[in-house]
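Here's the letter readout for the chains.
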Amino acid sequence: MKKIILKTFKYLLILVGLLLIVILFLYLYPISKPLSQKADNNSYTISNINIVDVANDSILKNQTIVIKNNRIIKITLNDSISKDKNTKIIDGTGKYALAGLWDMHSHLAFQIAPQVIMPLHIANGVTNIRDMQGVVNINEERIKWRKEIESETLLGPRLIGFADEIVGANYDEQNVLDVINRTANDKRTFIKIYSGILSKRYFELAKVAKSKGVVFAGHYPNVINPIDASNAGQRSFEHAHLFLKHANSEADKNREYYRAMYADEEFDERNKPSSIKMLKSFDYAKFYELVDVMVKNETYFCPTHITRKYEALTNNQDFLNDENLKYIPHLVSFIWKDDVSGMKEYAKKEGYQDYLNSFYTKGLELTGLAHKKGVKILAGTDSYDPYSFPGISLHRELEELVKAGLSPAEALACATINPSEYFQVSKDYGSIEEEKIADLLILNKNPLLDIKNTTSIESLFFNGNIYTKEDIDTMKKYVEDNSSGINGLSISVKMFIRLMKDNRH
């Protein structure tokens, strides 16, 4: 028996040793260099193009757009085409020009974002993002990426703003003043609020942040009435559960439950209100009260409806077999599968699948009603959450906004005009006008007729250069190759080790 035990132990050591060698090999295995932006000195004239005028819900037909040094210097109905040898003439006949899109709830997530995330954004016409923090602390990388993207070297969307600090949940031990002072050093960063923050810390942060001009945005805190959070200056609320969790007869009881839990007090789990009961007791009066306050305070709302759709469709095999999974690294796919398993178990409880379906559809209804009352909506995807694909899912979120009752033009404003206003950069972005940055999607079909036509991208302009359909396909293939085979395994090992070393959650 002793010999058998020793022999078994010996083989186990060999297996462990081999596994460690494989992991080390994958960790050291070189991955592809990040893609670079195109670099030329050409000017461009796009002739006979139809411009999508989102603000006026109309098409400006047969326009000529002249681009020089990454700016639109002229838009005219009829223009003599320049014969300058450095001017490229693009025939836009039958096509549509749309301003570059924004994802206002993105996650670059990991240090390998340039290899598997950024190219998908550009390939799908997402030229600017608000990054809401990663799975690991990538602040140092994001500052470097931002400079490289703006200097037209690294290929990726502009990081117009990103959350360099998180407050809430297990980050609540941080000193509020230190967090605000660090964020104040870079005006293009902000503080992300997580759900698990207690009132005293939240309002202390809000007061000091306001005095120092620091933006805070994110989840609405579970223990705080969102009316008070909006009045305190929170810049935006994320996710469609905002209205659903607030506007019901159980909301105060729910807030007290979370207060006791976050304060490490004794609490009875039975005191937590049923999610089903909260939804059934929805109160439109409370909903409109919050909406009116958000309109008054110009508090933006980023509903990320596709995250609620995922929860409703975790038993839908067609949804789960999404062809875009080929762009997702092995480690992230594994995490998604685990999340799907958890949602499947949750939905097994009596009445909960119907609840998830109703939660999703009710959220759409309320976004539409809030929009009609004047709440400013932002298009965001929560990318790298389960079944939220970088770049790709922004177009799906636009479809969700149309389902919510917005017109295609109003939905497009949530991904163009509203984000530029949110960041106060409308002089450069958000629409196709003279003197603005020439971020343009050239579409084969009119998105005002059908929002799905935003995916009909023939080419795009970014940082003064044109990316053809062939270039776009190359970006997608690059991400697919990095996410599969030995490249995908190597990237997954690198992600996992960084996750173990510097987990933000």
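Since we're looking at a predicted model, the values are computed, not measured.

### Side note on the UniProt feature "domain: Amidohydrolase-related" (unreviewed entry) in the chain
Argument step 1. Here the UniProt-annotated "domain: Amidohydrolase-related" (unreviewed entry) positions come out as residues 368–466.
Argument step 2. Taken end to end, residues 368–466 is 30% helix and 12% strand, and its first and last C-alpha atoms sit 36 Å apart.

### Description of a nonpolar patch on the surface
Argument step 1. On the surface, Leu19, Leu20, Ile23, Leu24, Tyr27, Leu28, Phe496, Ile497 and Met500 cluster together into a nonpolar patch covering about 870 Å² of accessible area.
Argument step 2. Every element with two or more residues in the nonpolar patch is listed here: helix H1 (2–28) and helix H20 (485–501).
Argument step 3. Along the chain, the position of Ile497 falls in helix H20.
Argument step 4. We classify Ile497 as partly exposed; its relative accessible area is 31%.

### Thoughts on the environment of Asp283
Argument step 1. With respect to the helices and strands, Asp283 occurs in the loop between helix H10 (275–280) and helix H11 (284–297).
Argument step 2. Ignoring any residue separated from it by four or fewer positions in sequence, one finds Asp283 in contact with Ala247 and Asn248.

### What about helix H16 (residues 392–403)?
Argument step 1. The end-to-end C-alpha separation of H16 is 18 Å, in line with the 16 Å expected for twelve residues at 1.5 Å each.
Argument step 2. All buried positions along H16 are accounted for by Ile392, Ser393, Leu394, His395, Glu397, Leu398, Glu400 and Leu401.
Argument step 3. As for H16, its buried residues are in contact with strand S6 (101–106), strand S7 (126–131), helix H12 (305–312), helix H15 (352–373), helix H17 (408–413) and strand S14 (457–462).
Argument step 4. Remark: Gly405 follows H16 within two positions and exhibits a positive phi of approximately 115°.

Conventions used here
- Residues numbered from 1 in each chain as written.
- Predicted model: local features only at pLDDT ≥ 70, side-chain atom pairs only at ≥ 80, totals over all residues.
- Heavy atoms only, no water.
- UniProt positions renumbered as here; feature names shortened; annotations may be inferred.
- Helix = DSSP H or I, 4+ residues; strand = E, 2+ residues; numbered from the N terminus.
- Patch = residues over 30% accessible without salt bridge, like charges linked within 9 Å, V, L, I, M, F, W, Y side chains within 5 Å.
- Areas by Shrake-Rupley, 256 points an atom, 1.4 Å probe, with all protein chains shown as cover.
- Salt bridge = Lys/Arg side-chain N within 4 Å of Asp/Glu carboxyl O.
- Buried < 20%, exposed > 50% of the residue type's maximum accessible area, 1.4 Å probe, protein only.
- Contact = heavy atoms within 4.5 Å.
- Expected span 1.5 Å × (residues − 1).

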